[in-house]
Amino acid sequence: MVSQKGTFIEYFIGFEKNSAVRGIFGEETEEVLRNLKVDFIWFGYMGVSDDDGHLMINKRYLSTGRKQDIYLDVIHELCHVKQHMEGRDLFDPRYDYVDRPTEIEAYRYAVQEAKRMGLSAAEIRVYLKTEMMSNQAVDKLIRNIGMKLEEG
Ligand SMILES: [Zn+2]
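Rules and cut-offs
Residues numbered from 1 in each chain as written. Predicted model: local features only at pLDDT ≥ 70, side-chain atom pairs only at ≥ 80, totals over all residues. Heavy atoms only, no water. Donors = N, O, S within 2.8 Å, 3.2 Å for Na, K, Ca; no water. Tetrahedral: all angles 85-135°; square planar, octahedral: opposite > 155°, others 65-115°. Helix = DSSP H or I, 4+ residues; strand = E, 2+ residues; numbered from the N terminus. Buried < 20%, exposed > 50% of the residue type's maximum accessible area, 1.4 Å probe, protein only. Patch = residues over 30% accessible without salt bridge, like charges linked within 9 Å, V, L, I, M, F, W, Y side chains within 5 Å. Areas by Shrake-Rupley, 256 points an atom, 1.4 Å probe, with all protein chains shown as cover. Salt bridge = Lys/Arg side-chain N within 4 Å of Asp/Glu carboxyl O. Lys, Arg positive; Asp, Glu negative; His and termini not counted. Charge placed at Lys NZ, Arg CZ, Asp CG, Glu CD.

Engineer: Please give an account of the coordination of the zinc ion that cites residues and values.
Structural biologist: Around the zinc ion, the protein contributes the donor atoms His-76 (NE2), His-80 (NE2), Glu-103 (OE) and Glu-103 (OE), at 2.0 to 2.7 Å from the metal centre. Every donor counted, the 4 donor atoms about the zinc ion form angles of 52 to 152° at the centre, which fits irregular coordination. Each donor residue of the zinc ion lies on one chain, and together they are spaced H-x3-H-x22-E. Residue His-76 is located in helix H5 (residues 67–85), and its partner Glu-103 is located in helix H6 (residues 101–116); the two are separated by 27 residues in the primary sequence. Residue classification places Glu-103 among the buried positions, given a relative accessible area of 7%.

Engineer: Describe in detail a negative patch on the surface, supporting the description with residues and values.
Structural biologist: Residues Asp-50, Asp-51, Asp-52 and Asp-89 make up a contiguous surface patch of negative charge. Relative to the helices and strands, Asp-52 resides in the loop between strand S3 (46–48) and strand S4 (55–58).

Right under this line is the structure:
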């Protein structure tokens, strides 16, 4: 299947100035984003390639998803880009998805940004709960993140 390719900065304008993104890559932000390849997939939402750490995005999600969700997903995935750069295994099979240290770290960072944006605990839970995750799994993830999400 022919897929379109590009770089992150062609699709996501101004992210190099974003404080959450700079919190991940620091001084290397511009360089990393300039070199980060983006590829389109036809399922799911977004992911990072295990091979070379490039970003994979479902184009339909990009055009139909809620801007806020897409933004938080990008923050989450950029955490994985950084983890991949550090040589960490993003798909360590010893862990369930919601228990995997790289996932907990990425979710924690995205939730921190969601709170900064003013999302309520209920809204954050809705964001975290995709059709791929059971209610039990979401509750476990929230516990693993270790952040207090008050009822509301
Ligand atoms: Zn993830």
